[in-house]
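Residues per chain are reported as follows:
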Amino acid sequence: MNTLKIRELELGTGIPAVCIPNVGKTREEIISLTKKYKELPMDLMEWRSDWFEDVNDIRKVTEILAQIREILGNTPLLFTFRTRKEGGVREMDTESYISLNKAVAAARMADLIDVEIFTGDSIVADLIAFIHENHTRVVASNHDFNRTPAKSDIVYRLRKMQDMGADIPKIAVMPQSKRDVLTLLAATEEMASDYADRPIITMSMAGTGSISRLAGEVFGSCLTFGSGETASAPGQIEARELHTILKGIHQAL
């Protein structure tokens, strides 16, 4: 598997990177949280723009991006609008979703942009191409909040993301049992060992799946999400605690 360098962060080797989602609702809250998170053990920050009350105003979005970029300095930034069907907090029609992500790419202040892989193949292909043309990387994603698909299906989805040109394929699934967590981990190992030529991100959600957020270095996931003041998904571990555990696992390997 090849690694991927984003600014000074190299993904796909060693301790999984810790990403803290910023789920502020107002400009003031988003900026305040960015400053707080900069002081935490954070390798990159995700701005979950679906939480932002004025996300439909692209001018306000790009203005906040500029402020976030200034605060973060050389810390990488992942921009995400998570649609409601994949666990986000706000509806957005497809045309607006495309326009928002293209505007963020054109602004060139985010290092990575999340693209939901099942938005439609032609739409996704166009978005990935546009984002790459603007020298920004793509995290292709899929979130299943209802179940854990079969191992073969998880691997299929990750391979589809890779085949469509995503720089980092990502999948998050909901376990209904402990066995489901093992399914996610087995799929991660198979993808990382047999198919991936780039870093991947996987996780099993909720408390039952929390072990998957710690085991990335063993099974092949390059990044894990840790919570700051508010978690963006069930099962996230507080960032400081997560960083300590990941270091301990790394030292034991």
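Our structure is the block above this text.
Cut-offs applied
Residues numbered from 1 in each chain as written. Predicted model: local features only at pLDDT ≥ 70, side-chain atom pairs only at ≥ 80, totals over all residues. Heavy atoms only, no water. Helix = DSSP H or I, 4+ residues; strand = E, 2+ residues; numbered from the N terminus. Rg over C-alpha atoms; globule rule 2.2 N^0.38 Å. Buried < 20%, exposed > 50% of the residue type's maximum accessible area, 1.4 Å probe, protein only. Contact = heavy atoms within 4.5 Å. Areas by Shrake-Rupley, 256 points an atom, 1.4 Å probe, with all protein chains shown as cover. Lys, Arg positive; Asp, Glu negative; His and termini not counted. Charge placed at Lys NZ, Arg CZ, Asp CG, Glu CD. 1 Å grid on protein atoms, 1.4 Å probe; cavity = no way out; pocket = protein on both sides within 12 Å on 5 of 7 lines; lining within 4 Å. Points joined across faces, edges and corners; volume = space filled by probe spheres on them. Axes fitted to C-alpha atoms, helices over the stretch in contact; angles between N-to-C directions. Parallel < 35°, antiparallel > 145°, perpendicular 65-115°, else oblique. Left-handed = near helix turned anticlockwise from the far one by under 90°. Salt bridge = Lys/Arg side-chain N within 4 Å of Asp/Glu carboxyl O. Pairing = 2+ DSSP bridges. Phe/Tyr/Trp six-rings, centres within 6.5 Å; stacked < 30°, edge-to-face > 60°. Lys NZ or Arg CZ within 6 Å of the ring centre and 35° of its normal. Expected span 1.5 Å × (residues − 1). Arc of directions from axis to C-beta.

A. Region of interest: the overall build of the protein. For the protein, the helix and strand inventory stands at eight helices and eleven strands. In summary, the protein has a C-alpha radius of gyration of 17 Å against a globular reference of 18 Å for 253 residues, a match within 12%. Taking the principal axes of the C-alpha coordinates as reference, the protein spans close to 45 × 40 × 30 Å. Classification of the 253 residues of the protein by burial places 55% in the buried group. Looking at the protein alone, contacts between residues at least 24 apart form 72% of all its contacts between residues at least 6 apart. Carbon together with sulfur atoms contributes 47% to the accessible area of the protein, which is approximately 10600 Å² in total. Counting 30 positive and 36 negative side-chain charges, the protein places the centres of these two groups 2 Å from one another.

B. Looking closely at empty space enclosed by the protein. Under the definition given, this model contains two cavities of 30 Å³ or more. By volume, the second largest cavity amounts to about 30 Å³. Taken together, L184, L185, T188, T202, S212, A215, G216, F219 and S221 make up the full set of residues lining the second largest cavity. Elements represented by at least two residues in the lining of the second largest cavity include exactly α6 (178-195) and α7 (216-219). No other element matches the three residues that α6 contributes to the lining of the second largest cavity.

C. Local environment of the packing of helix α3 (residues 94-107) against helix α4 (residues 121-133). Their axes nearest at 9 Å, the elements α3 and α4 cross at an angle of 15°. The angle between α3 and α4 places the two elements in the roughly parallel class. Crossing hand, α3 versus α4: right-handed. Contacts from T94, Y97, I98, N101, K102, A105 and A106 of α3 reach α4 at I123, D126, L127, F130 and I131.

D. Up close: the pattern of salt bridges. Tallied over the entire structure, the rule returns 18 salt bridges. One salt bridge in this structure joins K5 and E8, with 4.0 Å as the shortest N-O distance. For the pair K5 and E8, a shared accessibility class is recorded, and that class is exposed. A network of salt bridges, in which partner residues are shared, links R82, K85, D114 and E116.

E. Main features of the sheet that holds strand β9 (residues 201-204). The strand order β9-β8-β7-β6-β5-β4-β3-β10-β11 describes an open sheet built from nine strands, whose pairing is parallel. Looking at which strands have only one partner, the edges of the open sheet turn out to be β9 and β11 (237-238). One ladder, built from two bridges, connects strand β5 (residues 77-80) with strand β6 (residues 112-116); its direction is parallel. What sits directly across from L78, in β6, is L112. Packed onto the sheet, helix α1 (residues 27-38) meets β3 (17-22) and β4 (44-48) and runs at close to 160° relative to β3. Packing against the sheet, helix α5 (residues 151-163) makes contact with β7 (137-144), β8 (168-173) and β9, and its axis sits at approximately 150° to β8.

F. Highlighting the packing of aromatic side chains. A full pass over the atoms with the stated rule returns three aromatic pairs. On the numbers, 6.0 Å between centres and 50° between planes, the contact of W47 with F52 is tilted. Given a relative accessible area of 2%, F52 falls into the buried group. In this structure an aromatic cluster arises from ring pairing among W47, F52 and F79. Over the ring of F130 we find K102, and its NZ or CZ is 5.2 Å from the ring centre.

G. Looking closely at helix α2 (residues 58-72). With 15 residues, α2 ought to run about 21 Å at 1.5 Å a step, and its terminal C-alpha atoms sit 21 Å apart, in line with that. Along α2, the residues that are buried comprise V61, I64, L65, I68, R69 and L72. Projection of α2 onto a plane perpendicular to its axis shows the buried side chains occupying an angular sector of 145°, all on one side. Elements in contact with the buried residues of α2: α1, β4, β5 and α3. Count one or two residues on from α2 and you reach G73, which has phi positive near 60°.

The values are spatial; any link to function lies outside them.
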